[in-house]
Amino acid sequence: MAFFFAQFLTGLANASSLFLVASGLSLIFGVTRIVNFAHGSFYMLGAFVGITLMNVLPGTVGFWGAILLTGLAVGAIGAFVEMVVLRPIYRAPELFQLVATFGVILVIQDLALMIWGAQDRMGPRAPGLRGVWRIFGEPVPKYDLVMIAITPFILFALWYLITKTRVGVLVRAATQDREMVGALGVNQAWLFTGVFALGSALAGWGGALQLPKGGADLLMDFNIIGSVFVVVVIGGMGSLPGAFIAAVLISVLNVFGVTYLPQSTLVLMFVVMAVVLIIRPYGLLGREEVAGEHGQVGAPETPIRPYGRLGQTLVGVLLLALVALPLVVDQFMLILLIDMVVFALFAASLHFILGTGGLVSFGHAAFFGGGAYAAALLVYHLNTPMEIAFLFAPFAAGLLALGIGWFCIRLSGVYFAMLTLAFSQLVWSMAYQWRGLTRGDDGLVNIWPSSWLSDTIPFYYFTLAFGIGGILVLRHIIHAPFGYALRAGRDSPRQAEAMGIHVKRIQHTAFGLAGLMAGLAGGIFVFSKGSVFPTELEIGASFDALIVVFLGGVKTLAGGVVGAGFLTVIEDWLTRLEYWRLLLGLVIIAVVIIAPEGIVGTLRSRWAKLRGHNEEVVK
Amino acid sequence: MTFTRRTLLAAAAALTMAPVAALAQDTIKIGEINHYKRMAAFAEPYKKGIELALTEINDAGGVLGKPLEFIFRDDQGDPAEAVKIAEELMTRDGAVMLTGSILSHVGLALSSFAAEKGYLYLASEPLADSLVWSSGNPNTFRLRASTWIQAAMLAEEAAKTDAIKYATIAPNYAYGQDAVAAFKENLKRLKPEVEFVAEQWPALFNIDAGAEVQAIERSKPDAIYNVTFGTDLAKLVREGGDRGLFEGRSVYGLLSGEPEYLEPLGDEAPEGWFVTGYPWYSFDEGTPEKAFVDDYIAATGETPKIGSLVGYLTGVSIAAAIEKAGATDTASLIAAFEGLEISDTPIGTLMYRKIDNQSNMGAYVGTIALEDGKGVMVDWTYKSPDGYMPSDEEVSAMRPAE
């Protein structure tokens, strides 16, 4: 019994820092609707700034003073980021801002490396709080108890701020209907900046408070972001008490998981999230998102049409050019193009479900990696001929997508996205942990194509045929009746239902189809690289695809493909330089600010404006 | 329209990259691929070690009368990216062979790629046993002492005590699992009566140290075997120290004594742990080990890490192989690497075994103590891998037929 109690206390202590970071994310999302991937970076900044300040300020007062100052400093950085990076793009399509926050992550990573160096730092001890107190004979670190004691005060302070002050009234009003708050004369810009700063400060405090239990290192931004999102989603996006309950729930379950199911450490929280979302689609204390409530901001979209004769001719000429390319370029150029086509097909499959279907998936890598693994497993264990294994990849990925889609499709918006993320983490952890089958992160190696394809040029044509073939099929489907039904379901589900379209069934099929095409890309991928590792199933791989789709332009036909080409080339070029992450981050932020409709979308509207202008002149 | 822009971009990229290949061919180039950003704390000392070796080699006239040059590339820790860069290094930049990687999975991807395309890959830092054994191939050589060897050294020491009940804690991925399996197998062989009462598997770099310590304490082991490293190790040491987990228990720590992991612990370094590591601070004057440390400090202004030594030996091995081969084609280089012997390295004679392409680099083992508020290894010895390797028959059976 004493042991259980001690375990419970450990869980509560862990929940404290997690709650601080998660509450910040939840506040930011609630008011600004920004899914802030960079939140972990503010947590990391909090840890580094905290250590620096603690080394300067002596004693107990210095320690707690340093923590206080850290929050203020990180809050100020947050306000700066919001004003410079996010403010220009609030009117961009929904979720577009997450691309900008991804750029912020890269910039902060390299800046932190420049300022604090590569070595891990141990956090300073809290003065007078080293060692343990014994509770029912079990040792409990003193600092744990302090953290447990602090958390309710923070929760109370936040609760007071939100429910009892004028600022809180405005924040709640903006959470419910930000247009109306603006219409009533509240300066939205400053409200958003203020909330973003507060959220960042909370993350900074979380980073500084955990110092005596850990330290600061350059990987902590990515390491916490997963659990923070899980906590916010389980609690219900935008709900502070929900975030608190979820932080405690996850932390305490983790502690018991460590003791009774030591192998569960990778997946436990994602399993919990999946279960909660399947039972309660909006988290424990979340509110149902009314369709259209946060609607499409910005100008209404012009319907997508097939290219005219000029466009088709151009595409045809370019296809011919790609076919003729091996005559003029060297081998590596072809390898780069293979990579590009594979990534373009992967991005196009996500673009299909995201742009045409309106379903934002955070876990699309499950199907790309799933396809790659399906083919690799056949080759590795059964010595299946490459041709059959290759065809199995899209088939298996499509089935996987239908299975996962069955659970996810009933949700919408961010909750749908998070449930796909949870499932992709389950697939990842299977590849990671089921070593008998997948060899874990030693991966499946020696998965090379048949001898007739082993040279670069034949494989290049193979890639062109299937990769570009896949992209063309997807585009064809967008203009087929199925595509129209899908778009109807996205833009106006109720009208679509009234017309006899079974929206959910259409979406489910589209999800399966997108998975199938991602699996096809995965199949080409595994034979071009000769190996597959769980990295292809990681959250990062899903986000790469997400980012290129947004960069290219969600509301355009070519967005995914152009975005993929753009990012592949930029990355290939920048990674040769020392501070490539900083530069890549700045490039992404610049593109996002200059082209808020994505590259293709912005070019198109510029072009339309130019032409409209000319026509007026002619008249 | 879709393809217009992509091809334009690709063509633009081709134009910007083309001049690189046209540069002078009067150096011998080695392609080096690593995770310079993702694992900066480990990759930087390694790179400085290589640069020190290069300075020495080129000051002495280079190899085959030409300067030796490394092309360093960042793969973001992604195996697919590493394979792409390897292709570029070999086909466009004129590299004669490949080396690099810290992460085992990237090493395995490069190894498979080298075998398929007929290139040579020297895996400098990856520890996975499968690199030279179950997934071994003739095109891949490995420098550093593998997981199995280092775990076997700790198991030998553990078998000397009367501890019977062991708990293990290792990061939940292939390296951690291999390290625990190797320790168990070696210890059971030396001392069949031991039993393993708890196996803890925290997520890599995401340990819940308080809970792990409670779980280990609950199983009341006589001794603990630790494989965690980096921030996980720091948190484990702190929570374990506070909660008294290590009192009266012997602890065996794989890699825990390496400066990369020991230095950040400062005055909280866990005294009494028996570990593998790199005691650069206590080498005797006049030894080649000490000379390397002095040269490295003079050249970089920093104290060496284990990565520095591995980087330096990488440079030295490659230069020696090229000299021995007298040519830079892959077949000659592979032939030169097989059984390659270099007599005067900081660890004595460095040799690459013919049987599995593994070098004979060993490991330093010793006990952690506190000196001047810093953790150091005392009573250490350098152990060569002889005697810790599986028998030649076992090794041959593990390697795929060549």
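Residue positions are given per chain, counting from 1 as you read along its sequence in written order. Here chains are named by letter from A upward and ligands by number from 1 upward, in the order in which they appear as written. pLDDT decides what is reported in this predicted model: residues at 70 or higher carry local features, side-chain atom pairs at 80 or more are listed and counted, and totals for whole chains, interfaces and linings draw on all residues regardless.

**Q** Sorry, what's going on with the overall build of chain A here?
**A** Only DSSP runs of H or I with at least four residues qualify as helices, and only runs of E with at least two residues qualify as strands; both kinds are numbered from the N terminus onward. Regarding its fold elements, chain A presents 25 helices and 6 strands. Relative to the compact-globule value of 25 Å for 619 residues, chain A shows a C-alpha radius of gyration of 25 Å, a close match. Based on the C-alpha atoms only, the size of chain A along its principal axes is roughly 75 × 65 × 50 Å. Between the buried cut of 20 or more and the exposed cut of 12 or fewer other C-beta atoms within 10 Å of a residue's own C-beta lies the partly exposed class, and all C-beta atoms are placed from the backbone. Going through the 619 residues of chain A one by one, you find that 57% of them count as buried. A sequence separation of at least 24 residues applies to 79% of the contacts in chain A between residues at least 6 apart. Atoms considered for the radius of gyration are the C-alpha atoms alone. The globule rule reads 2.2 Å times the number of residues to the power 0.38. The contact rule is simple: place each C-beta atom from the backbone, and if two of them lie within 7 Å, those residues are in contact.

**Q** I keep staring at the overall build of chain B and nothing clicks. Help me out?
**A** Within chain B, the regular secondary structure consists of 13 helices and 14 strands. For a compact globule of 402 residues, the expected C-alpha radius of gyration is about 21 Å, and chain B comes in at 22 Å, within 12% of that figure. Taken along its principal axes, the extent of the C-alpha atoms in chain B is 65 × 60 × 45 Å. Considering chain B as a whole, with its 402 residues, one finds that 60% of them fall into the buried category. Of the contacts made within chain B by residues no fewer than 6 positions apart, 69% connect residues no fewer than 24 positions apart.

**Q** Sorry if this is basic, but what is going on with the pairing of strand β2 (residues 68-74) of chain B here?
**A** Each regular strand displays side chains that alternate between the two surfaces of the sheet. Residue and element names in this part refer to chain B. When strand β1 (residues 28-34) meets β2, the two strands line up parallel, connected through 7 bridges. What sits directly across from glutamate 32, in β2, is phenylalanine 72. Between the parallel pair β1 and β2, the chain is carried across by helix α2 (residues 40-59), and the sense of this crossover is right-handed. By this definition, two strands are paired if DSSP reports at least two bridges between them. Classification remark: right-handed applies to a crossover when, strands pointing away from the viewer, the course from the first strand over the helix to the second runs clockwise.

**Q** Is there a simple way to explain the packing of helix α11 (residues 306-325) of chain B against helix α12 (residues 330-337) of chain B in this structure?
**A** Each pair of packed helices gets described by two things: the angle between the helix axes and the distance between those axes. All names here are of chain B. Direction vectors running N to C along α11 and α12 enclose 110°, while the axes themselves pass 8 Å from each other. Relative to α12, α11 is oriented roughly perpendicular. Every pair of crossing elements has a handedness; the one defined by α11 and α12 is right-handed. Mapping the contact onto sequence places Ala321, Ile322, Lys324 and Ala325 in α11 and Ser332, Leu333, Ala335, Ala336 and Phe337 in α12. The residue classification treats Ala, Val, Leu, Ile, Met, Phe, Trp, Tyr, Cys and Pro as nonpolar and Asp, Glu, Lys and Arg as charged. All others, Gly included, are polar. Residues belonging to the contact of α11 with α12 are distributed by class as follows: 7 nonpolar, 1 polar and 1 charged. For helices, the fitted line uses only the C-alpha atoms of the stretch in contact; every axis is such a line through C-alpha atoms, and the angle between N-to-C directions lies from 0 to 180 degrees. Roughly parallel here means an angle under 35 degrees, roughly antiparallel means over 145, roughly perpendicular means 65 to 115, and every remaining angle is called oblique. For any helix crossing, the convention is left-handed if the near helix is rotated counterclockwise from the far helix by under a right angle, and right-handed if that rotation is clockwise.

**Q** Would you explain the nonpolar core in this entry?
**A** Counting residues in each nonpolar core, the largest one holds 355 residues, and the members touching the most others are Met418 of chain A together with Leu98 of chain B. For this core, the element with the highest residue contribution is helix α13 (residues 331-356) of chain A, accounting for 20 residues. Those residues in contact with methionine 418 of chain A, other than ones at most four positions away along the chain, are Phe229, Val233, Met273, Leu277 and Phe362 of chain A. Only buried residues count toward a nonpolar core: Ala, Val, Leu, Ile, Met, Phe, Trp, Tyr and Cys, linked into one set through C-beta atoms within 7 Å.

**Q** Help me understand the domain arrangement of chain A, please; the structure alone is not making it clear to me.
**A** One widely used convention gives an interface's size as the accessible area the parts lose upon coming together. Domain limits in this description derive from either an automatic procedure or a database domain assignment. Under the domain assignment used here, chain A contains domain 1 (2-218) and domain 2 (336-540). Its C-alpha centre places domain 1 of chain A at a distance of 36 Å from the equivalent point of domain 2 of chain A.

**Q** It is not clear to me how the interface of chain B and chain A should be interpreted in this structure. Could you clarify?
**A** Listed as interface residues are 66 residues of chain B and, on the opposing side, 74 residues of chain A. The set of elements that each furnish at least two residues to the side of chain B that touches chain A consists of α1 (2-22), α2, α3 (79-91), α4 (104-117), α6 (174-190), β7 (195-200), α7 (209-218) and α8 (231-242) of chain B. It is α1 of chain B that provides the largest number of residues to the side of chain B that touches chain A, a total of 11 residues. Class assignment for the residues of the side of chain B that touches chain A results in 26 nonpolar, 21 polar and 19 charged.

**Q** Looking at this structure, how should I read the pairing of strand β14 (residues 374-383) of chain B?
**A** Residue and element names in this part refer to chain B. Bridge analysis of strand β13 (residues 363-371) against β14 gives 8 bridges, and the strand direction is antiparallel. Bridged to alanine 369 within β14 is valine 376. Adjacent in sequence and paired antiparallel, β13 and β14 are bridged by 2 residues, among which aspartate 372 carries a positive phi angle near 50°.

**Q** Got a minute to help me understand helix α5 (residues 142-164) of chain A in this structure?
**A** For an α-helix, the turn length of 3.6 residues means that residues three or four places apart are oriented alike. The end-to-end C-alpha separation of α5 of chain A is 33 Å, in line with the 33 Å expected for 23 residues at 1.5 Å each. Within α5 of chain A the residues assigned to the buried category are Tyr143, Asp144, Met147, Thr151 and Leu158 of chain A. Among the structural elements, α1 (2-32), β3 (138-141), α8 (188-209) and α10 (240-260) of chain A together with α7 of chain B are those in contact with the buried residues of α5 of chain A. For a helix, the expected span equals 1.5 Å multiplied by the number of residues minus one.

**Q** Could you clarify how one ought to interpret the sheet that holds strand β9 (residues 250-257) of chain B in this entry?
**A** Picture the strands of a sheet paired through backbone hydrogen bonds; they go either parallel or antiparallel. All names here are of chain B. In spatial order, the strands read β7-β6-β8-β9-β10-β13-β14; together these 7 strands make up an open sheet with mixed pairing. The sheet is open, and its two edges are formed by β7 and β14, each paired on a single side. Averaged over all pairs of adjacent strands, the angle between their axes in this sheet comes to 25°, without regard to strand direction. Pairing of strand β6 (residues 165-169) with strand β8 (residues 223-226), which is carried by 4 bridges, proceeds in the parallel orientation. When the sheet's bridge partners are listed, alanine 167 is paired in β8 with isoleucine 224. This element, helix α5 (residues 147-159), spans β8, β9, β10 (274-277), β13 and β14 of the sheet and lies at about 155° to β9.

**Q** When you look at the domain arrangement of chain B in this model, what are you seeing that I'm missing?
**A** All names here are of chain B. When its domains are assigned, chain B resolves into domain 1 (27-146 + 288-362) and domain 2 (148-281 + 363-383). For domain 1 versus domain 2, the separation of C-alpha centres amounts to 29 Å. Elements that contribute at least two residues to the side of domain 1 that touches domain 2 include exactly α2 and α11. Ranked by residues supplied to the side of domain 1 that touches domain 2, first place goes to α11 with 3 residues.

**Q** What is the right way to read α8 of chain A from this model?
**A** Compared with the 32 Å implied by 1.5 Å per residue over 22 residues, the 31 Å span of α8 of chain A between its first and last C-alpha is a close match. The element α8 of chain A is largely enclosed, with a buried count of 18 among its 22 residues.

**Q** How should I be thinking about the packing of α13 of chain A against α3 of chain B in this particular structure?
**A** In the contact formed by α13 of chain A and α3 of chain B, the axes pass within 9 Å of each other and the chain directions differ by 165°. Between α13 of chain A and α3 of chain B, the angle is such that the two are roughly antiparallel. The crossing of α13 of chain A and α3 of chain B is left-handed. The segment α13 of chain A lies against α3 of chain B, with Gln331, Phe332, Ile335 and Asp339 of chain A engaging Lys84, Glu87, Glu88 and Thr91 of chain B. By residue class, the composition of the contact of α13 of chain A with α3 of chain B is 2 nonpolar, 2 polar and 4 charged.

**Q** Got a minute to help me understand the sheet that holds β2 of chain B in this structure?
**A** All names here are of chain B. If you walk across this open sheet you meet the 5 strands as β2-β1-β3-β4-β5, and the pairing is parallel. The open sheet has two edge strands with one neighbour each: β2 and β5 (140-142). Direction aside, neighbouring strands of the sheet carry axes that sit 25° apart on average. Relative to strand β3 (residues 95-100), β1 runs parallel, the two sharing 5 bridges. Paired with isoleucine 33 across the two strands is glycine 100, which belongs to β3. Its contacts with the sheet put α3 on β1, β2 and β3, and the angle it makes with β1 is roughly 175°. Each of β1, β3, β4 (121-123) and β5 is contacted by α4, which is oriented at about 160° to β4, the strand it contacts most.

**Q** Got a minute to help me understand the confidence of the model for chain A in this structure?
**A** Segments scoring low in pLDDT should not have their predicted coordinates read at a detailed level. Averaged over all residues, the pLDDT of chain A is 89; the fraction at 70 or higher stands at 96%. A residue's pLDDT is simply how confident the predictor is in it, with values from 0 to 100. When the criterion is pLDDT under 50, residues 291-298 of chain A qualifies, and its contacts beyond four places in sequence or with other chains add up to 9 contacts.

**Q** Help me understand the environment of methionine 90 of chain B, please; the structure alone is not making it clear to me.
**A** Residue and element names in this part refer to chain B. Here methionine 90 shows up in helix α3. With 24 C-beta atoms counted inside 10 Å, the residue methionine 90 sits in the buried group. The spatial distance from the C-alpha of methionine 90 to the C-alpha of lysine 29 is 9.5 Å, given a sequence separation of 61 residues. If we ignore the near neighbours within four places in the chain, the residues touching methionine 90 are Gly31, Ala95, Leu98 and Tyr119.

**Q** What is the right way to read the confidence of the model for chain B from this model?
**A** Residue-level pLDDT values for chain B average 90, and 94% of them are 70 or greater. Counting interchain partners and residues more than four positions distant, the pLDDT-below-50 stretch residues 1-24 of chain B has 39 contacts.

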